[in-house]
Every structure is written in C-alpha cells, then in structure tokens.
Amino acid sequence: MYHMRMKGDHYQMGVKRGRIFQKSRLSFPMRLDEFQICHGLASEEILRDFFPEVCREVQGVCDVTGADYKRFISWMLCMGCCMYNLEENLPVEVRGCTAFAYSGSGRVLYGRNNDLPPYLKEDSKSEIYIPKNGNRFNLTTSSFINGEEGLNEHGLAVAMTFVLTDLKDIRPGFNSCFIVRYLLEKAGNTEEALSLLMELPAASGCNILLADKSGSMMVIECTPYKKRIRQAEKTGEGWAVCAVNSFRSEEMKPYDFAKGEDYNSAGRYQTVMESCRRRMRGDPVEEAQRLLRGEYGFMCQYDEEPDFETVWSSVFDLKSLVIYRAEGDPRRNPFKKDERLRSGLSVRPY
C-alpha cells in the first residue's frame, strides 16, 4: 500500500499525482464501451456542478500524463458503478466489503474489510489530503482521487459498499467512491454529510455509511431512484450499524441485482451485528480487529474463492483520529497504528 500526502490547490494536487504516474510509467485500463462513455460524460457534468474542484484535480493529472480528460474522468466515474468489463472484460464488477460503526463505553469506532481481486492490492493507497478550502482527511482507496473509506479532521467517517445494479437502472450521477470523497471534504459531522448526500444524484446502487465522533451513525441505502436511511441498532451497552453488499431494507431489495450472489453478505452482516451485541466488552479497538480477522465468524475467510480476498482492514477511532490498518488479509498481517491525520492537525495547512 502506498502512503501519500496531497496538499494545496486541487489542480496542483492533480499535477503532483500526474508526475508520480509519469515517473512510474503507469498506464490505465480505460477500455470503455459506448454505454460507459455516454454514462461517464453525462456524469462528469453532474460532478462538475457539485464538485468542480475535483474535476480540476483530474484535469491536473491529465495535463501531465497527456491523457484525454473526458475519457479519463469517464473511466473514473464508471468505477464502483458499471465497470463490468474491468480486467479482461469480466461479466460483472467484483467487490465485497464489510463496513460497520460502533459506539459504546465512551468510544466511537468504525471498521472495514475491503474485499477485492488481489491484483488491486499493490496499487491501494492511504492518502492524507490537505486541500485548499476543504477539510483535511485520510482517504483509503484501491483507485485514486476517489475512495472506499476515509476519516476527516472533524471525526467524521464515510464509507461505501458496492451493491450490484442492473445496467438498465444505472443513471448519470456520482458513483459511490466520489460520494465518499465529496462528503469527507465538505462535511463536518453526520448531519451535514446526510444533508449533502440527499442532494446528490447516485449513479447506481450502494450503501453509504456515516459515523461521527459524537456517536451519530447510520447507513444510507442509495439507488438512482430513491435513498433510504437505516438507523443504528441498540446492541446491549452500545449502538451499531453495518453495511455489506446488499440492501437490508425490504423496500430497497428489489434494486439489488446480485440476488444473493454477493460473497455471503448476509453472513458477514450477521457476524458484525452479533459481535457488537456480545463481544464489545473489552478494549473495543482490539475487539474490532478480532472481528475483522474472522475470529467471531465469517468475515475475510475467502480461501475457497478464486482471485478474491481482503486486501486491507481498517479500524478508525473517531474521537482520537487514530487509524489502525492491516495491509492485506488481517489474519496474516498485523494492524499498525497510523497517526498522520491527528499529528497533521498541529501544522497550519497554509
């Protein structure tokens, strides 16, 4: 996993990233069909309307690398949405992932297993962003500029989980990974993030988990047609909420195109919620790590799945802004403390 730091004007941050790509001689699998190109171009107009700064960041990358901006950002906006021909034209986009938040005994935690094909592991990144006129935040991503999860300086955690969507139901809008980036940079707490999210057009099905240091937490089940808020549940001495790769609400289940072929989402959800009810009695950070390692039930045990594994695990302490991360399968890789976000708050951004 790469550990990077981006600071300043959005365009200049893009230029910096473009130079890194240029130096590394990276190329990108921008194999887009007509549907994806049309979707990407229409989605770029929406992204630019809500979040023009991030479009300038992508433009900076393209200006350095020589990539065509419209095609490049279309490719990025298809990620986590309709990239069904990623990696040698796979028939569907392959993503797992379990995200949860827990509040109890004066602590507020967020945890995640990010489950993907292993070829995405080497290029995964943990990035500190210090954007001009925006929140400072840590973004963890298997891509770049957008991401799967993050924690900002105000103690707000934002995360996505992928829900497979029928192509006929996909509409122009924000993909889930750009939703995560937007909310981290713009919102200070769960209430603000929810208000911003409800205004965003979602391109496809996804879950967006929000949690802040006050203990306010929820999952918003999103489709291009509607959004539904799923509140945290009481779990003994605390509260918990969990998102996997399916919708839990009955009214949203018809929009889930996976029809149960989702890497045992139901089992992962059950493991998390039962563990939060019965296990969070010791140090909650250690308990969350045990949960993510699969010690309390099925979570990351994809040994029988070809070309699929947990590529990283995270635990965020929302009050202290300390992050614990296992880079790789958490059964074989230790959780290491990352204090870059917290330590960076003592430094003036400009």
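Under the annotation held in an unreviewed UniProt entry, the protein chain carries the name Acyl-CoA--6-aminopenicillanic acid acyl-transferase and is attributed to Candidatus Choladousia intestinavium.

Participant: Can you tell me about the nonpolar core, naming the residues and giving the values?
Facilitator: Core analysis: the largest hydrophobic core is formed by 57 residues, its most contacted members being Leu 47, Met 76, Ile 145, Leu 183, Ile 208 and Leu 210. Ignoring sequence-local partners within four residues, the contact set of Ile 208 consists of Val 158, Ala 159, Met 160, Ser 176, Ile 179, Leu 183, Leu 197, Met 218, Val 219, Ile 220 and Cys 222.

Participant: Report on helix α2 (residues 34–50), specifying residues and quantitative values.
Facilitator: In an α-helix, one turn spans 3.6 residues; hence positions three or four apart end up facing the same way. The end-to-end C-alpha distance of α2 is 25 Å, a good match for the 24 Å that 17 residues give at a rise of 1.5 Å each. Taken residue by residue, α2 has Gln 36, His 39, Gly 40, Ser 43, Glu 44 and Leu 47 as its buried positions. Buried residues along α2 cover an arc of 145° about the axis, so they all sit on one side. With respect to the buried face of α2, the exposed residues turned more than 90 degrees away are Glu 34, Glu 45 and Asp 49. Elements in contact with the buried residues of α2: α3 (52–65), α4 (69–78) and α6 (176–186). For α2, the N-terminal cap is Asp 33; the gap from its side-chain oxygen to the backbone nitrogen of Phe 35 is 3.2 Å.

Participant: Help me get a handle on the pairing of strand β4 (residues 125–131), residues and values and all.
Facilitator: Counting buried positions along β4 yields seven of seven residues, so the element is predominantly enclosed. Neither face of β4 is exposed, since Lys 125, Glu 127, Tyr 129 and Pro 131 on one face and Ser 126, Ile 128 and Ile 130 on the opposite face are all buried. Taken together, the seven bridges between strand β1 (residues 2–8) and β4 define a ladder with parallel strand orientation. Each residue of the ladder has a partner; that of Gly 8, found in β4, is Pro 131. In terms of strand pairing, β4 meets strand β5 (residues 137–141) through five bridges, oriented antiparallel. Within β5, the position partnered with Tyr 129 by the bridge is Phe 137.

Participant: How would you sum up the pattern of salt bridges? Please name residues and give values.
Facilitator: Inspection of every chain in the model, using the stated rule, returns 25 salt bridges. Between Lys 186 and Glu 53 there is a salt bridge whose closest N-O contact spans 2.4 Å. Pair noted here: Lys 186 is in helix α6 and Glu 53 is in helix α3, with a separation of 133 residues, a long-range link. Each of the salt bridges in this network shares a partner with another, and the network as a whole consists of Asp 303, Asp 329, Arg 331 and Arg 332.

Participant: Could you give me a rundown of the environment of Val 272, with the residues and numbers involved?
Facilitator: Residue placement: Val 272 occurs in helix α8 (residues 265–278). Accessibility expressed as a relative area gives 0% for Val 272, which makes it buried. On a C-alpha basis, the gap between Val 272 and Ser 320 in space is 23 Å, while along the polypeptide they are 48 residues apart.

Participant: Account for the confidence of the model for the protein chain, naming residues and giving values.
Facilitator: Averaged over all residues, the pLDDT of the protein chain is 92; the fraction at 70 or higher stands at 95%. When the criterion is pLDDT under 50, residues 88–92 qualifies, and its contacts beyond four places in sequence or with other chains add up to eight contacts.

Participant: Give a description of the environment of Gly 294 that names residues and reports values.
Facilitator: Assignment of secondary structure puts Gly 294 in the loop between α9 (284–292) and β13 (309–317). Judged by relative accessible area, Gly 294 falls into the buried class, the value being 15%. Separated by 43 residues in the primary sequence, Gly 294 and Lys 337 have C-alpha atoms spaced 20 Å apart. With residues up to four places along the chain from it excluded, the contact list for Gly 294 reads Met 299, Cys 300 and Gln 301.

Calculation notes
Residues numbered from 1 in each chain as written. Predicted model: local features only at pLDDT ≥ 70, side-chain atom pairs only at ≥ 80, totals over all residues. Heavy atoms only, no water. Core = buried A, V, L, I, M, F, W, Y, C linked by side-chain atoms within 4.5 Å. Buried < 20%, exposed > 50% of the residue type's maximum accessible area, 1.4 Å probe, protein only. Contact = heavy atoms within 4.5 Å. Helix = DSSP H or I, 4+ residues; strand = E, 2+ residues; numbered from the N terminus. Expected span 1.5 Å × (residues − 1). Arc of directions from axis to C-beta. Polar contact = N/O pair within 3.5 Å; in protein donor to acceptor, adjacent residues only side chain to side chain. Pairing = 2+ DSSP bridges. Salt bridge = Lys/Arg side-chain N within 4 Å of Asp/Glu carboxyl O. pLDDT = per-residue confidence, 0-100.

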